[in-house]
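Structure assessment
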Amino acid sequence: MTLHGADGAGGADALLTVLELLAEQAPPARFDTLLDEARRSGLAGEELHRLERAVELAGGVRRDRVDEARREAGLAALTDTARDLTSAYDLDSVLRVITRRARRLLDLDLAYVTLRGPHGACYVHTTEGSRGGRTEGPRLAPGLRIAEGYGLGGAVQHHGEPVWTADYLADERFAPSGSLDAGVHAPAFDEAAEAALRAEDLHAIMAAPLRSGDTVIGALHGADRRVRHHTSEEIGLLAALADLAALAVEKTGLLDRTRAEVTELERDSSRVRTSLTRMRHVSEAHGRIMNLVLAGGDLCNVAKAAADALDATVMIRDQGGRCLATAGDIPGLDEEAVAKASLDAHARRRPVLAADDTWVAPVIAGSEDLGGLVIRAAGGLTGEDERLLELAAQSVAFLLLMRRSTAVAEGPVRDELLDDLIADPPHAPQQIAQRARRLGVDLRKPHVLVLARPEGGEQGRAVVWASSYAYRLSGLKTVQGGCIVLLLPGIDASAAAKAVAAELSPLLGHPVSVAGAGPGWSPDGVARMHQEAGRCLDAMSALGGTGSAASVQDLGFLGLLLSDDNDVEGFVEAAIGPVLDYDAERFTDLTHTLEAYFASGGSPTNAAEALHVHPNTVSRRLERISELLGPEWQKPGQVLEVQLALRLQRTREVLARGRATTDPARQPGPPERGGN
């Protein structure tokens, strides 16, 4: 490039060259070279001054163009940042985008974000450019707690505007005794945070607030490890990034709250669906149980239906605690805890937990206690299960009331039938059998008769109970001579008498004398069983057994005397039958040994002398007898029956031999005569 300074043409060429360099966006060194060449070529005076002015203006244009380009790049970066923030949904990702973009746009060594905690102090949330593990001691890392009012962050928190310094470590304003605003703000000192900043060797630092409305929720920091004077454009760009960060923080907070609300709504919806499903299950199960009740189902069917619905073991008990029906077994039941829980359940009128996995539900009708349900559920009970348990208890109460009503309605007819069965003389057996079948009583099956006499004089409650009890067991009931008469299906009169006493005595609160007789297999035997039970009841009273329960068989030989059929053979068989069978099968002489033993006053030695055997032989025979009759055969009660049975057996043998000697059919015939 050649310039001529002798005339005006050279100055014009120099100006044109400046314009060409400006159009080419040449670097500043080219303009300096142009001035040097103009001076060497002799350009001076006004021409040189105009050239220098042109170069100066060109430099201003170039700087404006660079600033414009920087602003455009900043705006583009802000746009890209905003777009990147829309794809980040968690707070960590959002603030990581902000710090990376701030560090790149502003050519920073370090960028970090602090957020305000719930109690005023701040903490470092995100960093970009930290030296990390290359330093010892406190580090400017996520989680570092910063005291309220410390450093640039504290100033930003206080003023709500950007704050910057060219050299933080040498800036007196941020010393513990310094002040950013005379008399207004004295920054706090945080030893750990100060040590972290010095470990990072930070000098130039600027901070811009993150605002949420009028509240400062944190600060975006940009820092360099050199002294640097930040321009207003750089401060503005950092503030703009801080505003984007604040919006992103609000967005992520809103998203987090929305997610939490959606999750809670999903949980609520799931709970509602589960509750509706369980309520539907409760309704259907209650419907099945009530259908069983209305269809005439018994307590066992109701207990099984409730057990299936609750996936548990169910036991139905009456007000005295006796089991009426059960579905499954409940081993190891704590009766004391169940009794206490039963009282609580009736007082609260709702199910009560008695022990681990064991519940008691009251069966009540108005204020009347009808019993309770005891259940054991291995998986525990939900609220809906407790409601189903209450409904099952109500169904049981309804069934018991229906039974009572039916028993009361049919009571007179059933009482009349039993009166006719025990009447003397008896009514026509064929007509009585037909009447019994119409009432659901089959007199051709084995049955026993029980006579109960309340000893406290309170007969009203006993009669009501007896009606329900007889109906429950498909039997008959009547009242005669102050005694309750029950005809019940079964073959064990003793067990029937004890069962009646076990239920009736606690109900009345005073003793009840109960006698049983039977079994019988036809209508015409009922009157005989009634007479035997009456004699048994009288014998119990005479023997001081008032308030006890027994049958004719329980009285041993007294029962033999009280019985109409005088079953001597049955008595002997029950007392010494195993010994007689053993002698018959093995041709032994245990029976004779027993007789000798009793005749000698219970002395094995004297019995051996009478039998002409060794005493050890008698001892071995007595041991065998104990094996056959049981270890208690020598107790006073049983030994008396054994002796009586031996005498009866000996008498029967004597009579049998007597019949054999007097029966003509058994006499030897005349000798045959020989023929000629």
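Here is a short report on the structure shown in this document. What you are looking at is a predicted structure, and each value in this text was computed from that prediction instead of being measured.

1. Things to note about the overall build of the protein
In terms of regular secondary structure, the protein is built from 20 helices and 16 strands. Taking the intrachain contacts of the protein between residues at least 6 apart in sequence as the baseline, contacts between residues at least 24 apart amount to 61%. For the protein, the exposed surface amounts to about 35400 Å²; the carbon and sulfur share of it is 52%.

2. Focus on the pairing of strand β5 (residues 204-212)
Of all nine residues in β5, seven are buried, a share of seventy percent or more. Where strand β4 (residues 163-165) meets β5, three bridges bridge the pair, whose relative direction is antiparallel. Looking across to β5, one finds that Trp164 is bridged to Met206. Taken together, β5 and the strand that follows it, strand β6 (residues 215-224), pair antiparallel across an intervening segment of two residues, in which Gly213 is found at a positive phi of about 70°.

3. What about the pattern of salt bridges?
Under the criterion given, the structure shown has 22 salt bridges. The closest approach of N and O atoms between Arg173 and Asp171, which form a salt bridge, is 2.9 Å. For Arg173, a relative accessible area of 31% translates into the label partly exposed. Residue Arg528 is joined to Glu532 by a salt bridge in which the shortest nitrogen-to-oxygen separation is 2.9 Å. On the criterion of helical spacing, the pair formed by Arg528 and Glu532 is a turn pair, its members being four residues apart in helix α14 (residues 526-542). Owing to a relative accessible area of 28%, Arg528 belongs among the partly exposed residues under this scheme. Note on Glu532: relative accessible area 4%, which makes it buried. Connected through shared salt-bridge partners, Asp109, Asp224, Arg226, Arg228 and Glu234 make up one network.

4. Quick word on empty space enclosed by the protein
Summed over the entire model, instances satisfying the criterion amount to two cavities of 30 Å³ or more. Each pocket or cavity is described by its volume, and for the largest cavity that value is around 190 Å³. For the lining of the largest cavity, the elements supplying multiple residues, two or more each, are β1 (110-116), α5 (151-159) and α6 (191-200). With five residues, α5 is the single largest residue contributor to the lining of the largest cavity. Split by residue class, the lining of the largest cavity holds 11 nonpolar, eight polar and one charged.

5. What about the packing of helix α17 (residues 590-599) against helix α18 (residues 604-611)?
Their axes nearest at 8 Å, the elements α17 and α18 cross at an angle of 120°. In this view, α17 runs oblique relative to α18, as classed from their interaxial angle. Every pair of crossing elements has a handedness; the one defined by α17 and α18 is right-handed. Mapping the contact onto sequence places His592, Thr593, Ala596 and Tyr597 in α17 and Pro604, Ala607 and Leu611 in α18. Classifying every residue of the contact of α17 with α18 gives five nonpolar, two polar and no charged.

6. What about the packing of aromatic side chains?
Taken as a whole and assessed by the stated rule, the structure comprises four aromatic pairs. Plain terms: the ring middles of Phe598 and Trp633 are 6.3 Å apart, the flat faces sit at 80° to each other, and that makes the pair edge-to-face. Of this pair, Phe598 sits in helix α17 while Trp633 sits in the loop between α19 (615-629) and α20 (636-662), and the two are 35 residues apart along the sequence. Overall, the relative accessible area of 0% leaves Trp633 in the buried class. The rings of Tyr597, Phe598 and Trp633 are connected pair by pair, giving a single aromatic cluster.

7. Some points on the nonpolar core
With 36 residues, the main nonpolar core has Leu299, Ile316, Val363, Leu373, Ile375, Leu389 and Val396 as its most contacted residues. The element best represented in this core is helix α10 (residues 383-421), accounting for nine residues. Leaving out residues up to four positions away in the same chain, Ile375 has contacts with Leu310, Ala312, Thr313, Val314, Asp357, Thr358, Trp359, Leu381 and Leu389.

8. Structural notes on the sheet that holds β6
Taken in spatial order, the six strands line up as β3-β2-β1-β6-β5-β4 in an open sheet, and their pairing is antiparallel. Pairing within the sheet leaves two strands with one partner each, and these edge strands are β3 (145-146) and β4. Set on the sheet, helix α7 (residues 232-294) makes contact with β4, β5 and β6; between it and β5 the angle comes to about 40°.

What counts, and where the lines are drawn
- Residues numbered from 1 in each chain as written.
- Predicted model: local features only at pLDDT ≥ 70, side-chain atom pairs only at ≥ 80, totals over all residues.
- Heavy atoms only, no water.
- Helix = DSSP H or I, 4+ residues; strand = E, 2+ residues; numbered from the N terminus.
- Contact = heavy atoms within 4.5 Å.
- Areas by Shrake-Rupley, 256 points an atom, 1.4 Å probe, with all protein chains shown as cover.
- Buried < 20%, exposed > 50% of the residue type's maximum accessible area, 1.4 Å probe, protein only.
- Pairing = 2+ DSSP bridges.
- Salt bridge = Lys/Arg side-chain N within 4 Å of Asp/Glu carboxyl O.
- 1 Å grid on protein atoms, 1.4 Å probe; cavity = no way out; pocket = protein on both sides within 12 Å on 5 of 7 lines; lining within 4 Å.
- Points joined across faces, edges and corners; volume = space filled by probe spheres on them.
- Nonpolar A, V, L, I, M, F, W, Y, C, P; charged D, E, K, R; others polar.
- Axes fitted to C-alpha atoms, helices over the stretch in contact; angles between N-to-C directions.
- Parallel < 35°, antiparallel > 145°, perpendicular 65-115°, else oblique.
- Left-handed = near helix turned anticlockwise from the far one by under 90°.
- Phe/Tyr/Trp six-rings, centres within 6.5 Å; stacked < 30°, edge-to-face > 60°.
- Core = buried A, V, L, I, M, F, W, Y, C linked by side-chain atoms within 4.5 Å.

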